[in-house]
Amino acid sequence: MMTTTTPPAPAGTESVPGPPVTRAARVRRRLNSPIATGASILIAVLWTVPTFGLFVSSFRPEDEIKTTGWWTAFSNPQFTLQNYQEVLFGRSASSGQLAGYFINSLVITIPSVLFPLAFAALAAYALAWMNFKGRDWIYIAVFALQIVPLQMALVPLLSFFSEGVSLGGIELMPAWNLDDEEKFVQVWFAHTCFALPVAVFLLHNFISQLPKDLMEAARVDGATHPKIFRSIVLPLIVPALAAFGIFQFLWVWNDLLVALIFAGGGSETAPLTVRLAELAGTRANEWQRLTSGAFISIVVPLIVFLSLQRFFVRGLLAGGVKG
Amino acid sequence: MATVTYSKATRIYPGTERPAVDHLDLEIGDGEFLVLVGPSGCGKSTSLRMLAGLEDVDDGSIYIDTRDVTHLPPKARDIAMVFQNYALYPHMTVYENMAFALKLRKTSKSEIDRRVKEAAALLQLEDYLSRKPKALSGGQRQRVAMGRAIVREPQVFLMDEPLSNLDAKLRVQTRTQIATLQAKLGVTTVYVTHDQVEAMTMGHRVAVMLDGVLQQVDTPRELYDTPANVFVAGFMGSPAMNIKTVPLTDGGATFAELTVPLTREQIAAAQAESGDGKVTVGFRPEDCDLVSESEGGLALVVELVEDLGSDANVYGHAAIDGTSERFVVRTDRRHMPNMGDTVYVKPRTGRNHAFHAVTGNRI
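Residues numbered from 1 in each chain as written. Chains lettered and ligands numbered in written order. Predicted model: local features only at pLDDT ≥ 70, side-chain atom pairs only at ≥ 80, totals over all residues.

1. Topic: the overall build of chain A
Here's step 1: Tallying secondary structure elements over chain A gives 14 helices and two strands in all.
Here's step 2: In chain A, buried positions account for 30% of the 323 residues. (Helix = DSSP H or I, 4+ residues; strand = E, 2+ residues; numbered from the N terminus. Buried ≥ 20, exposed ≤ 12 C-beta atoms within 10 Å, placed from the backbone.)

Now the structure itself:
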């Protein structure tokens, strides 16, 4: 017996009666209340006070810094640019001479951010949208690499740079033998290696969430994988790129360990962090300079964060697909 | 302009036993509007995607004209596709969306401009060319998706339920627009839908699928008048055909006190292949009359009356062999019965459909 009626509409066209109120949704609503806003402003202020103190101190004369707290600067205002002058351009050996290290930091950081971003975006696209044998295993391997601590790779990497790779007496790759400024390459290489697993993982999650129909529409329109990546994927993952870019920039900029090991402490390659650590260690009696030195190292991450922030746009995908 | 030929095309999804599309044989003529229709999961979308090159063909081949495209990538097939959820590029304007495929083929700037403007005029999108998809309504997005296909001037249009995201009124409007457009452009079109009204109104021919198997391909009229099997009979038409399996006698099929006459050949065919003294008979709601008790119709207790304005659908149940069976009858509005009434239904002679009780094939 059969009495067939019109077939049911496919899933997706049915009207969904509003999203269910989950616990997360409730928590989220509470977080939007005025009290929560007030509390978070208070916390933000508390967290910022030390930085603010550092900022004020960096403009105070040496004697003042060494005898009174930074808050007294408001009742007895005495400001000078002396600290910055000394730290950045001072000629004496005891001053920071940070200007050169500042450049070193930029030279280290910018490629160390761009390389992993570029490689990870390509790898993530391939892992998410190209069909090839062993894809899942590669993804699992990349995922697993995230748990390897950076410190474990330091010695192998160092020996890779200085001795190359040889297996059973056969040299597979010669030693790099880099000197002076060439050591930047080692730092870029190391930072790229350390960043890639997380970067691939994050970007893969983002890229694989792009609507499948979009990729198929592009393929039917005649786009090849490189073209789809450039014209469709890249513009749509800008928020993820910006997020990871900031993350990686802060990490590399503030990194001491990797830079110290792979770039060395020489003035031609060492970044700000290495120099600041030296200042703190050897100039204990001239620590008024630390305030301005530290602030100089903070400024760049702040600029990067504020300028990349505008790429955190929501709803980039709006209007593309329905349902 | 091109013909499309499926030759024993088969798709088996990895990890499944049953083919999603099973040895599909189908020929689509030059300039033809062919509609693939069937319930969810019947393989109609898969068939379309195989033609688009988005789905592998595990067995058999697909030809566009005489060219074997079975294993070619989508870009080598010269087809354009309209997706169910539009799949517009969200970061591009309407103009860029439409121009994307042409740019990829290194069409000259002026040619791109001409074609996009032309398509925009055809689809009344001129005012929206510089907008992004998110600033468009559902109907406009759907038209952009159409425009993206039109500017390609492809050999074949593929449409995968392009209307299912529109509201009812817009859907009817767009339905006629697409049909007119296709007639004007004369491009071979394969159109997938689950909506049998769309299939009936738009297609030159309609292919009905079930469980990956093609059931019948024919013009809408033929499909409606002579369905090849029970499934097609029940699928096409709204409300659906009344189809019951009932005992077979010398005179025909017996619905309780009513006997639906069958021809000698039909009776013979029904008894073949272990027919078991039963036959499946169907008659459409509009192919029966309400008669008086003395004329010997099937007694139907009315459960529900749908007043459609032009006419009315009467739903009721009748006792056949001790079980209660539901029937639908379309009737004139002037003779609308009330709920709970008993009416007598008689199918018009010659307008019934007989199917084999076991195989379900038309006899």
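2. Quick word on the overall build of chain B
Here's step 1: Of regular secondary structure, chain B possesses nine helices and 20 strands.
Here's step 2: Structurally, chain B occupies a C-alpha span of about 80 × 45 × 35 Å along its principal axes.
Here's step 3: Across the 363 residues that make up chain B, the buried fraction comes to 47%.
Here's step 4: For chain B, the proportion of contacts with a sequence separation of at least 24, taken over those separated by at least 6, is 67%. (Contact = placed C-beta atoms within 7 Å.)

3. Comments concerning the sheet that holds strand β6 (residues 79-82) of chain B
All names here are of chain B.
Here's step 1: In space, the six strands of this open sheet follow the order β6-β7-β8-β3-β9-β10, with mixed pairing throughout. The sheet is open, and its two borders are formed by β6 and β10 (213-218), each paired with just one other strand. Each adjacent strand pair in this sheet contributes to an overall mean axis angle of 20°, direction not counted.
Here's step 2: Sheet analysis places β6 next to strand β7 (residues 156-160), joined by four bridges and oriented parallel. Counted as the bridge partner of Val82 is Met159 from β7. (Pairing = 2+ DSSP bridges. Axes fitted to C-alpha atoms, helices over the stretch in contact; angles between N-to-C directions.)

4. Topic: the environment of Gln146 of chain A
Residue and element names in this part refer to chain A.
Here's step 1: With respect to the helices and strands, the residue Gln146 is situated in the loop between α6 (135-145) and α7 (150-163).
Here's step 2: With 52 residues separating them in the primary sequence, Gln146 and Val198 have C-alpha atoms 6.1 Å apart.
Here's step 3: Other than its neighbours up to four places away in sequence, Gln146 contacts Pro197, Val198 and Phe201.

5. Some remarks on the UniProt feature "domain: ABC transporter" (unreviewed entry) in chain B
Here's step 1: In the UniProt entry, the feature "domain: ABC transporter" (unreviewed entry) is given for residues 4-236 of chain B.
Here's step 2: Helix makes up 36% of residues 4-236 of chain B and strand 24%, and the two end C-alpha atoms of the span are 25 Å apart. (UniProt positions renumbered as here; feature names shortened; annotations may be inferred.)

6. As for the interface of chain B and chain A
Interface size is commonly expressed as the accessible area that is lost once the parts come together.
Here's step 1: Contacts between chain B and chain A engage 41 residues on the former and 32 residues on the latter.
Here's step 2: When residues of the side of chain B that touches chain A are traced back to their parent elements, those giving at least two are β6, α2 (94-104), α4 (138-150), α8 (230-235) and β11 (242-247) of chain B.
Here's step 3: Per-element tally for the side of chain B that touches chain A: the top contributor is β11 of chain B, with four residues.
Here's step 4: Here the residues of the side of chain B that touches chain A sort into 22 nonpolar, 12 polar and seven charged. (Nonpolar A, V, L, I, M, F, W, Y, C, P; charged D, E, K, R; others polar.)

7. Concerning the packing of helix α5 (residues 98-129) of chain A against helix α8 (residues 183-208) of chain A
Residue and element names in this part refer to chain A.
Here's step 1: Viewed as axis vectors pointing N to C, α5 and α8 meet at an angle of 40°, and their least axial separation amounts to 6 Å. With respect to the hand of their crossing, α5 and α8 are arranged in right-handed fashion.
Here's step 2: A per-class count over the contact of α5 with α8 returns 23 nonpolar, five polar and no charged. (Left-handed = near helix turned anticlockwise from the far one by under 90°.)

8. Section: the UniProt feature "transmembrane region" (unreviewed entry) in chain A
All names here are of chain A.
Here's step 1: In the UniProt entry, the feature "transmembrane region" (unreviewed entry) is given for residues 35-56, 101-125, 137-161, 188-207, 228-250, 256-277 and 289-308.
Here's step 2: A helix fraction of 100% and a strand fraction of 0% characterise residues 188-207, whose end C-alpha atoms lie 25 Å from each other.
Here's step 3: Segment residues 256-277 splits into 59% helix and 0% strand. End C-alpha atoms: 9 Å apart.

9. Comments concerning the confidence of the model for chain A
All names here are of chain A.
Here's step 1: Residues with a pLDDT of 70 or more make up 88% of chain A, whose mean pLDDT is 83.
Here's step 2: The secondary-structure element of chain A with the lowest mean pLDDT is helix α1 (residues 23-31), recorded at 75, while helix α10 (residues 225-236) shows the highest, at 94.
Here's step 3: Low pLDDT, under 50, characterises residues 1-17; the predicted model gives this stretch 26 contacts beyond four residues in sequence or across chains. (pLDDT = per-residue confidence, 0-100.)

10. Let's talk about the sheet that holds strand β19 (residues 342-347) of chain B
Strands pair in a sheet through their backbones, by hydrogen bonds, and they do so in one of two ways: parallel or antiparallel.
Residue and element names in this part refer to chain B.
Here's step 1: Taken in spatial order, the five strands line up as β15-β19-β16-β17-β18 in an open sheet, and their pairing is antiparallel. At either margin of the open sheet sits one strand with a lone partner, and together these are β15 (288-291) and β18 (323-332). Averaged over neighbouring strand pairs, the angle between their axes works out to 45° when direction is ignored.
Here's step 2: Across four bridges, β15 lies against β19 in antiparallel orientation. Looking at β19, one finds that Leu290 is bridged to Val345.

11. Focus: the domain arrangement of chain B
Residue and element names in this part refer to chain B.
Here's step 1: For chain B, the assigned domains read domain 1 (4-234) and domain 2 (240-356).
Here's step 2: For domain 1 versus domain 2, the distance between C-alpha centres works out to 38 Å.
Here's step 3: With five residues of domain 1 in contact, the opposing surface of domain 2 contributes seven residues.
Here's step 4: Residues belonging to the side of domain 1 that touches domain 2 are distributed by class as follows: three nonpolar, two polar and no charged. (Domains from an automatic or database assignment.)

12. Regarding the pairing of strand β1 (residues 4-11) of chain B
All names here are of chain B.
Here's step 1: Where β1 meets strand β2 (residues 21-28), five bridges bridge the pair, whose relative direction is antiparallel. Pairing of Thr5 across the sheet is with Glu27, part of β2.
Here's step 2: As paired strands, β1 and strand β4 (residues 59-64) are joined by five bridges and run antiparallel to one another. Each residue of the ladder has a partner; that of Thr10, found in β4, is Asp59.

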